[in-house]
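# Overview (structure and organization)
Spelled out, the chains give:
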Amino acid sequence: MSEQPRNRRPRKGKKPAQGGAQNGSGPPQPRDPARRVAYDVLRAVGQRDAYANLLLPALLNERGISGRDAALATELTYGTLRLQGTYDAVLENCVDRSLSSVDAEALPLLRLGAHQLLSTKIPPHAAVSATVNLARKVVGQHRARFVNAVLRRVSARDLQGWIEVIAPDRERDPSGYLSVVHSHPRWIVKELARALGERAPSGLPQTERLLRAHNERPRVTLVAKPGRSTVSDLVAQGAEEGTYSPFAAHLKEGDPALIREVRQNRAAVQDEASQLVALALSRVDAHGRDATWLDMCAGPGGKAGLLASIAGRREARLLASEVQPARAGLVATAVHRAPRDAGRVVAADGTAPAWRPGAFDRVLVDAPCTGLGALRRRPESRWRRTPETAKELAPLQHDLLTSAVEAVRPGGVVAYVTCSPHLDETDAVVRGVLDERGDLTLLRAADYLDEVPDLAAGPDGMYAQFWPHVHGTDAMFLALLRRDEA
Ligand SMILES: C[S@@+](CC[C@H](N)C(=O)[O-])C[C@H]1O[C@@H](n2cnc3c(N)ncnc32)[C@H](O)[C@@H]1O
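As annotated in an unreviewed UniProt entry, the protein carries the name rRNA cytosine-C5-methyltransferase and comes from Nocardiopsis coralli. On record in UniProt, under Sequence similarities (unreviewed entry), the comment for the protein is "Belongs to the class I-like SAM-binding methyltransferase superfamily. RsmB/NOP family."

In structure tokens form, the structure reads like this:
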């Protein structure tokens with residue numbers, strides 16, 4: 001394969017070749033496996049809500065694609081998904097009907113072609129001909145001609161040239177501008193700006209840094225489960241020490257499954273912010289007995305795996321509860337062989353608890369949420385969420401936090417966590433429960449994570465809010481609440 005994608009713009013004005021470079025009478029194996037697999041993933045994401053981060057590795061493995069072809073397929077898939085909003089705005093200008101009327105088989109080809117033309121150094125003629133050649137195979141000659149015509153129009157400008165055409169005026173409509181340029185739905189831009197405390201007249205500089213960070217490839221971070229492996233074990237296999245978490249190591253490249261400790265379940269893939277919110281909960285003084293911990297929404301088990309290891313080393317026990325039985329099975333794997341066998345798993349609804357009130361000394365409620373904090377890892381999810389998603393989740397988040405507070409004994413501590421900075425599922429939920437009850441004290445969460453700068457957020461800085469553009473982590477939110485003693 002002679003093409004290597006880089007984030008450079010193609011040369012302006014260079015005319016693409018007409019039609020495809022190949023005549024479609026190739027061998028039975030795809031001659032261009034990278035584009036074919038990228039197309040198959042993009043189509044599945046669009047048509048049946050597949051998750052790229054699950055489907056792409058599975059298809060690469062199934063088709064025996066590795067090395068440079070796998071790297072190209074990965075770049076094409078994620079690159080196309082990340083800037084899909086921008087590419088769609090360009091394509092709207094290049095099709096002679098509405099983009100929404102383009103069929104679901106052809107649309108991913110247009111997006112894939114636009115990505116190659118506007119964001120990689122693949123020469124325009126190669127980008128067009130390879131995409132049209134693929135189009136002949138997957139959608140037939142007739143629609144391949146349509147793809148060819150549209151991509152030739154796309155190739156008339158580079159990305160900056162298109163942005164000048166498609167983006168609203170930045171001064172007059174900053175969120176509209178950022179939405180188009182950084183490929184996020186406008187409502188998400190507004191919610192993120194609100195969470196960052198920025199208003200439109202400022203031009204939203206922090207928000208722009210955040211949106212940019214969402215479109216960068218996140219590094220893979222590992223957790224060395226305490227008592228089961230160490231960061232040094234991971235560093236010895238080529239990882240780098242983590243930035244903040246004492247359990248973290250960053251993988252510069254390569255497949256985490258190739259790391260021995262990961263295969264043996266002594267380490268796992270886990271963002272540093274996820275590690276740190278679990279660590280913060282374990283650091284709060286529980287005012288007395290400290291023997292029983294609960295993770296109330298544990299699936300698939302990332303934080304439960306770490307908490308069970310920390311609990312085991314302190315002679316405490318963790319009950320990890322998850323409503324979906326299949327996910328509870330994943331939790332069981334995550335806590336398997338924790339020190340002193342400290343982890344137990346149940347499939348249970350946290351809002352209808354199977355435990356006695358006040359049974360626990362520490363409770364984590366990592367609530368189901370919009371996931372707006374993990375857009376770096378799941379680029380397609382920004383197009384699946386709607387402004388209503390947060391509103392729909394709020395009652396469940398409220399009920400889970402209330403149930404967590406009931407589950408902890410007086411003096412014990414609850415961590416409310418979301419992988420989202422959206423204020424309706426963070427501050428509004430915590431304040432709602434605090435206001436309803438008279439028996440809770442909000443702790444200053446950032447004080448339990450001294451090693452992390454610029455974490456304090458919310459009223460009086462009582463919450464901890466991680467940010468991708470500040471901390472290089474997911475945008476994880478943490479509130480710590482103590483149940484008052486009599
Ligand atoms: C954000 S995820 C938790 C992630 C997990 N703590 C980790 O670190 O891997 C939220 C989980 O809550 C579960 N959930 C949703 N409603 C629930 C309920 N009523 N009771 C218990 N778990 C629930 C979901 O199935 C999902 O697995």
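Still more ground to cover, so stick around.
Attention shifts here to the overall build of the protein. Helix and strand counts for the protein stand at 19 helices and 13 strands. Here the C-alpha atoms of the protein give a radius of gyration of 24 Å, agreeing with the 23 Å that 2.2 N^0.38 yields for 486 residues. The dimensions of the protein, computed from C-alpha atoms along their principal axes, are 80 × 50 × 35 Å. Residues classed as buried in the protein amount to 50% of the 486 residues present. Taking the intrachain contacts of the protein between residues at least 6 apart in sequence as the baseline, contacts between residues at least 24 apart amount to 74%.

So, on to the UniProt feature "domain: SAM-dependent MTase RsmB/NOP-type" (unreviewed entry) in the protein. Taken from the UniProt record, the annotation "domain: SAM-dependent MTase RsmB/NOP-type" (unreviewed entry) applies to residues 196-484. Secondary structure across residues 196-484 divides into 33% helix and 22% strand, with the first and last C-alpha atoms of the span separated by 31 Å.

Take the nonpolar core next. Ranked by internal contacts, the top residues of the largest apolar core, which has 146 residues, are Leu-222, Ala-280, Val-365 and Leu-478. For this core, the element with the most residues is helix H6 (residues 124-154), which contributes eleven residues. Aside from chain neighbours lying at most four places away, what touches Leu-478 is Val-277, Ala-280, Ala-415, Val-417, Ala-445, Tyr-463 and Ala-464.

What follows deals with the UniProt feature "active site" (unreviewed entry) in the protein. Annotation from UniProt places "active site" (unreviewed entry) at Cys-419. On the neighbour-count criterion, Cys-419 (25 C-beta atoms within 10 Å) is buried. When near neighbours in sequence (up to four residues on either side) are disregarded, Cys-419 contacts Cys-369, Gly-371, Gly-373, Ala-374, Asp-474 and Met-476.

With that settled, the discussion passes to the domain arrangement of the protein. Looking at the protein, the domain boundaries give domain 1 (33-160), domain 2 (169-214), domain 3 (220-269) and domain 4 (283-483). Relative to domain 4, the C-alpha centre of domain 3 lies at a distance of 23 Å. Listed by partner, the interface residues are ten residues for domain 3 and 15 residues for domain 4. Within the side of domain 3 that touches domain 4, the residues separate by chemical class into five nonpolar, three polar and two charged.

Let us now look at the site of the ligand. Around the ligand, 20 residues are found, and the nearest of them are Cys-297, Gly-299, Gly-302, Gly-350 and Asp-366. Looking at the shell around the ligand, the elements with two or more residues in it are helix H14 (302-313) and strand E6 (317-322).

Whenever strands of a sheet pair, they do so through backbone hydrogen bonds, lying parallel or antiparallel. Within the open sheet, the four strands sit side by side as E2-E3-E1-E4. Their pairing is antiparallel. Among the strands making up the open sheet, the edge pair consists of strand E2 (240-241) and strand E4 (267-269). Relative to strand E3 (residues 248-251), E2 is paired through two bridges, and the arrangement is antiparallel. Looking at E3, one finds that Glu-240 is bridged to His-250.

Attention now goes to the packing of helix H17 (residues 387-407) against helix H18 (residues 427-436). Put simply, H17 and H18 touch, their axes get as near as 10 Å, and they point 50 degrees apart. Judged by the angle between their axes, H17 and H18 are oblique. In the packing of H17 onto H18, the handedness of the crossing is right-handed. Within the contact between the two elements, H17 uses Ala-394, Gln-397, His-398, Leu-401, Thr-402 and Val-405 and H18 uses Ala-428, Val-429, Gly-432 and Val-433.

It is worth spelling out the confidence of the model for the protein at this point. When pLDDT is averaged along the protein, the result is 93; 94% of the residues meet or exceed 70. Residue range residues 1-27 is modelled with pLDDT below 50. Its contacts to residues more than four positions away, or to other chains, number 51 contacts. Taken over the whole predicted complex, pTM reads 0.92, whereas the ipTM for its chain interfaces reads 0.99.

Once that is clear, we can look at helix H3 (residues 67-82). Given a rise of 1.5 Å per residue, 16 residues ought to cover 22 Å, and the 22 Å separating the end C-alpha atoms of H3 matches this to within 8%. The buried fraction of H3 amounts to twelve of the 16 residues, a majority that puts the element mostly inside the structure. Along H3, the residues classified as buried are Ala-70, Leu-72, Ala-73, Thr-74, Glu-75, Leu-76, Thr-77, Tyr-78, Gly-79, Thr-80, Leu-81 and Arg-82. Buried-residue contacts for H3 involve helix H1 (33-48), helix H2 (52-62), helix H4 (84-92) and helix H5 (107-119).

Side-chain alternation along strand E5 (residues 292-295) places Thr-292 and Leu-294 on one buried face and Trp-293 and Asp-295 on a second face that is also buried. Sheet topology note: the E5/E6 ladder contains four bridges and is parallel. Residue pairing across strands places Thr-292 opposite Arg-317, the latter belonging to E6. Handedness of the β-α-β unit built from E5, H14 and E6 comes out right-handed. Sheet topology places E5 next to strand E8 (residues 360-366); three bridges connect them, and they run parallel. From the neighbouring strand, Trp-293 faces E8, where its bridge partner is Arg-362.

The next subject is the packing of H14 against helix H15 (residues 325-335). Where H14 contacts H15, the two axes come as close as 8 Å, and the packing angle between them is 35 degrees. The hand of the H14/H15 crossing is right-handed. Together, Gly-302, Ala-304, Gly-305 and Ala-308 of H14 and Val-331, Ala-334 and Val-335 of H15 make up the contact between the two elements. Classifying every residue of the contact of H14 with H15 by side-chain character gives five nonpolar, two polar and no charged.

Next up on the list: the environment of Leu-279. Along the polypeptide, Leu-279 turns up in helix H13 (residues 272-283). Note on Leu-279: 22 C-beta atoms within 10 Å, which makes it buried. Between the C-alpha atoms of Leu-279 and Pro-246, which are 33 residues apart in sequence, the distance is 9.4 Å.

Cut-offs and rules
Residues numbered from 1 in each chain as written. Predicted model: local features only at pLDDT ≥ 70, side-chain atom pairs only at ≥ 80, totals over all residues. UniProt positions renumbered as here; feature names shortened; annotations may be inferred. Helix = DSSP H or I, 4+ residues; strand = E, 2+ residues; numbered from the N terminus. Rg over C-alpha atoms; globule rule 2.2 N^0.38 Å. Buried ≥ 20, exposed ≤ 12 C-beta atoms within 10 Å, placed from the backbone. Contact = placed C-beta atoms within 7 Å. Core = buried A, V, L, I, M, F, W, Y, C linked by C-beta atoms within 7 Å. Domains from an automatic or database assignment. Nonpolar A, V, L, I, M, F, W, Y, C, P; charged D, E, K, R; others polar. Near = placed C-beta within 6 Å. Pairing = 2+ DSSP bridges. Axes fitted to C-alpha atoms, helices over the stretch in contact; angles between N-to-C directions. Parallel < 35°, antiparallel > 145°, perpendicular 65-115°, else oblique. Left-handed = near helix turned anticlockwise from the far one by under 90°. pLDDT = per-residue confidence, 0-100. Expected span 1.5 Å × (residues − 1). Right-handed = clockwise from strand over helix to strand, strands pointing away.

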